[in-house]
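Geometric and topological summary
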Amino acid sequence: MTAHLLLVTLGPVQDFIAQARRTRDLWYGSHLLSELGRAAARALADGGGELIFPSLKAGDAQLQPCVAPLRSDGTPPQNVANKLLAEVPSGVDPLELARAVRKAVTRYWREDLAASVKARCTGILASGVDALWSEQVDTFLEFAASWTPLADYAQARRRIEQAVAGRKMLRDFGAWRHGRGAVPKSSLDGARETALLPPNARAATLARKYRITDGEQLDAIGLVKRAGGEPDQFVPVVNVALASWLELASRAASADLDGLRSACRSAGISRVARTDLPCAVPFCFDASVLLASRWRSVFEEQGLQGDPEAWGRQHVRRIFDKISEPYPYVACLVADGDHMGRAIDRLGSAADHRTFSEALTQFAGEARSVIEQNHRGALVYASGDDVLAFVPLPEALSCADDLRKSFAGAMASACKSIAAEERPTLSVGLGIGHVMESMGDLLALGRQAERDAKHDRNALAVLVDKRSGGTRSWRAPWNDDPVGSLREATSLLQDRLSSRKVYEIASTLARLPDPCDEDAARWARVLMLEVRRSLARVEGAALRPEGAGLVLDDEAGYAALHARVRAWVARLLIARTFAHATPRERRSEEAAA
């Protein structure tokens, strides 16, 4: 028997991850897929396959299961992608190996992950739900495999990629055989029936522990995501959003923050037990209590006693006398490599591909450090060239830039035979939304920003969705230093230029003719004079366009000038969000007022 190349893919991925209301849904959904990938990799290695992606050998410690965020030695497990590639040596039947992998993954999912959740959630599960639970669990996993004799490596890899892609174009639509009838659908996926008891019959302790509200319904898969880990393992997204603010509070209002910690401990505010994450160190409680609009909701959701408004005024308001109130927006960072397929197509052997895989593993490890340790963020996953994380706004731009540099370093190491200008690059999207948006909505913002960045590739795109103010986006290639441009614009808005002036210039643009109009060319001088007039009337000290980062070329035509001013307005309005998010100490007279 000849050697073969075997490709295994697991799903569902994107839709499954996006079906999330809380941080724990999103994080555990991603972690669960990684663990299923790890189970597949383990079965491939145990069955005689030689892994290429991920590049792990039989017996590697990273092949051991890890249902918690950290291993026993305190290190996070390596994320394993849902797509695995392996050489199958002669003497090993690829069909039997694929069947063994599917059996191992299915068993691990059904018996080790889902069954343990069912066992500890009996107090909220409906009676007679066993058949429904089994059907929902058994029909969840999508498994596809393809193999071909291994002669020309690049050709064999393309052939099995095409075969699996073709299989994924087909969907299995089996009818449900077990239904409870006349019960709500799951709040997460809207398709499967709920497996939960009615709200008034649920065990209150369990419902509160897993934050299942009365208006929420979960099917078997949704319950596994919600209750798969311990609640205090997950850092609420609001803690990530306020991490930079809390760091300043720990310095500028340390005594008041200590008092708030004691008050949270006494009141029983839910805790965050992730001392390994800098975003959770300054304040190890649910940071929702730092938002005045959330005081009542926090007390109700967590079943706490007392007057939430009085509690907030006594323990939280005093911090606002020292530093600005927190800005409740967070960045969902989504990054993806560009031209990865082109680079992989140039790999002529399994050994070359393993070297490439190892470089991606190195990048994923560095991405975790960059996001969590250097920029106070929380990583959801980093596998291959894919990164998903939440980052506080004051750190988001630097974090994106550092990830781009780390990826460039990894590709320079792995693609020495490829010219520098043809090596894979990294596109990064920052989707910025309110912390009270659902996880699915925040993830959608991040992915849309990533698609915007992919429009040019090797670019940064920022998408801001304000609760009052609509959506704005801006993008620029990394070669144009988008981080430096946004930082300059942020400083300008903080020190010299009001947002009102930017909106004034935006209004001027809106009043002038469209650049596509045939007789619009004569308006170039009008536009230039109007912009100069607006900036000259800046309160305090007049600004010239060059001083505001806007170059107005007399020789440029109206269309070019219009596009340049429009891009400047878009950049300034995006920078306005970063300016608002920067925490600052209050001056004494400001606090007194």
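Residues numbered from 1 in each chain as written. Predicted model: local features only at pLDDT ≥ 70, side-chain atom pairs only at ≥ 80, totals over all residues. Heavy atoms only, no water.

Things to note about the overall build of the protein chain
Helix and strand content of the protein chain: 22 helices and 10 strands. Radius of gyration (C-alpha) of the protein chain: 27 Å, near the 25 Å computed for a compact globule of 593 residues. Based on the C-alpha atoms only, the size of the protein chain along its principal axes is roughly 80 × 65 × 45 Å. When burial is assessed residue by residue, the protein chain has 52% of its 593 residues classed as buried. Considering only contacts in the protein chain between residues 6 or more positions apart, those separated by 24 or more positions represent 73%. When the accessible area of the protein chain is evaluated, it comes to approximately 25,800 Å², of which 48% is carbon and sulfur surface. Of the side chains in the protein chain, 77 bear a positive and 75 a negative charge, and the two mean positions are spaced by 3 Å. (Helix = DSSP H or I, 4+ residues; strand = E, 2+ residues; numbered from the N terminus. Rg over C-alpha atoms; globule rule 2.2 N^0.38 Å. Buried < 20%, exposed > 50% of the residue type's maximum accessible area, 1.4 Å probe, protein only. Contact = heavy atoms within 4.5 Å. Areas by Shrake-Rupley, 256 points an atom, 1.4 Å probe, with all protein chains shown as cover. Lys, Arg positive; Asp, Glu negative; His and termini not counted. Charge placed at Lys NZ, Arg CZ, Asp CG, Glu CD.)

Some thoughts on the sheet that holds strand E7 (residues 386-392)
Read from one edge to the other, the open sheet built from six strands follows the order E6-E7-E5-E8-E9-E10, with strand pairing classed as mixed. Each edge of the open sheet carries a strand with a single partner, namely strand E6 (378-383) and strand E10 (470-477). Direction aside, the axes of adjacent strands within the sheet are offset by 15° on average. Both strand E8 (residues 425-434) and strand E9 (residues 459-466) contribute to a ladder of five bridges, which runs parallel. Bridge pairing links Ile-432 to Val-464 in E9. (Pairing = 2+ DSSP bridges. Axes fitted to C-alpha atoms, helices over the stretch in contact; angles between N-to-C directions.)

Regarding the packing of helix H4 (residues 130-138) against helix H7 (residues 220-227)
Where H4 contacts H7, the two axes come as close as 8 Å, and the packing angle between them is 80°. In terms of orientation, H4 and H7 fall into the roughly perpendicular class. In this structure, H4 contributes Trp-133, Gln-136 and Val-137 to the contact, and H7 contributes Ala-220, Ile-221, Leu-223 and Val-224. Grouping the amino acids of the contact of H4 with H7 by side-chain chemistry returns six nonpolar, one polar and no charged. (Parallel < 35°, antiparallel > 145°, perpendicular 65-115°, else oblique. Nonpolar A, V, L, I, M, F, W, Y, C, P; charged D, E, K, R; others polar.)

Considerations on the pattern of salt bridges
Counting across every chain of the model gives 36 salt bridges. Taking the shortest distance from any N to any O, the salt bridge between Arg-99 and Glu-96 comes out at 3.2 Å. Of this pair, Arg-99 and Glu-96 both sit in helix H3 (residues 94-120), three residues apart, roughly one helical turn. Across the pair Asp-256 and Lys-322 runs a salt bridge whose closest N-O atoms are separated by 2.6 Å. Of this pair, Asp-256 sits in helix H10 (residues 254-267) while Lys-322 is found in the loop between helix H13 (317-320) and strand E5 (329-338), placing the two residues 66 residues apart along the sequence. Taking the relative accessible area as the measure of exposure, Asp-256 reaches 13% and is therefore buried. (Salt bridge = Lys/Arg side-chain N within 4 Å of Asp/Glu carboxyl O.)

A look at the environment of Arg-564
Positionally, Arg-564 belongs in helix H21 (residues 558-581). Expressed as a C-alpha distance, the spacing of Arg-564 and Glu-142, which sit 422 residues apart in the sequence, is 48 Å. Look past the residues within four positions of Arg-564 in its chain and what remains in contact with it is Leu-550, Val-551 and Asp-553.

Re the pairing of strand E1 (residues 4-11)
E1 sits mainly inside the fold: eight of its eight residues count as buried. The alternating pattern of E1 places His-4, Leu-6, Val-8 and Leu-10 on one face and Leu-5, Leu-7, Thr-9 and Gly-11 on the opposite face, and all of these are buried. Across six bridges, the pairing between E1 and strand E3 (residues 83-88) is antiparallel. What sits directly across from Val-8, in E3, is Leu-84. In this sheet, strand E4 (residues 142-149) lies alongside E1 in antiparallel orientation, the contact comprising eight bridges. Looking at the pairing, His-4 lines up with Pro-149 of E4.

Considering H3
Given a rise of 1.5 Å per residue, 27 residues ought to cover 39 Å, and the 38 Å separating the end C-alpha atoms of H3 matches this to within 8%. For H3, the set of buried residues is Pro-94, Leu-97, Ala-98, Val-101, Val-105, Tyr-108, Trp-109, Leu-113, Ala-114 and Val-117. Residues of H3 that are buried in the fold lie against E1, helix H2 (23-46), E3, H4, E4 and H7. Where H3 begins, the side chain of Asp-93 points an oxygen toward the backbone nitrogen of Leu-95, at a separation of 2.9 Å. (Expected span 1.5 Å × (residues − 1). Polar contact = N/O pair within 3.5 Å; in protein donor to acceptor, adjacent residues only side chain to side chain.)

Quick notes on the side chain of Arg-571
On the secondary structure map, Arg-571 appears in helix H21. Although Arg-571 lies buried, it forms no salt bridge, and the closest oppositely charged side chain, Glu-488, sits 5.3 Å away as judged by the N-O distance. Setting aside anything within four residues of it in sequence, one finds Arg-571 in contact with Trp-474, Ser-485, Leu-486, Ala-489 and Gly-549.

Some thoughts on the nonpolar core
Among the nonpolar cores identified, the biggest contains 108 residues, and Leu-36, Trp-109, Leu-223 and Phe-390 are the most heavily contacted of them. When residues in this core are grouped by element, the largest group, 12 residues, is from H2. The contact partners of Phe-390, leaving out residues within four places of it in the chain, are Leu-26, Val-237, Val-240, Val-330, Ala-331, Cys-332, Gly-377, Ala-378, Val-380, Met-439 and Leu-442. (Core = buried A, V, L, I, M, F, W, Y, C linked by side-chain atoms within 4.5 Å.)

Quick look at helix H5 (residues 153-168)
Every α-helical turn comprises 3.6 residues, leaving residues that sit three or four positions apart pointing alike. Under the 1.5 Å per step criterion, the end-to-end length of H5 is 23 Å for 16 residues, consistent within 8% with the ideal 22 Å. For H5, every residue scored as buried is listed here: Tyr-153, Ala-154, Ala-156, Arg-157, Ile-160 and Val-164. Buried positions in H5, seen along its axis, are confined to an arc of 160° and lie on one side of it. Check the buried side of H5 and you find it contacts E1, strand E2 (50-53), E3, E4, helix H14 (340-345) and helix H15 (350-374). You can read the cap of H5 off the contacts: a side-chain oxygen lies 3.2 Å from the backbone nitrogen of Ala-154, and it is on Asp-152. (Arc of directions from axis to C-beta.)

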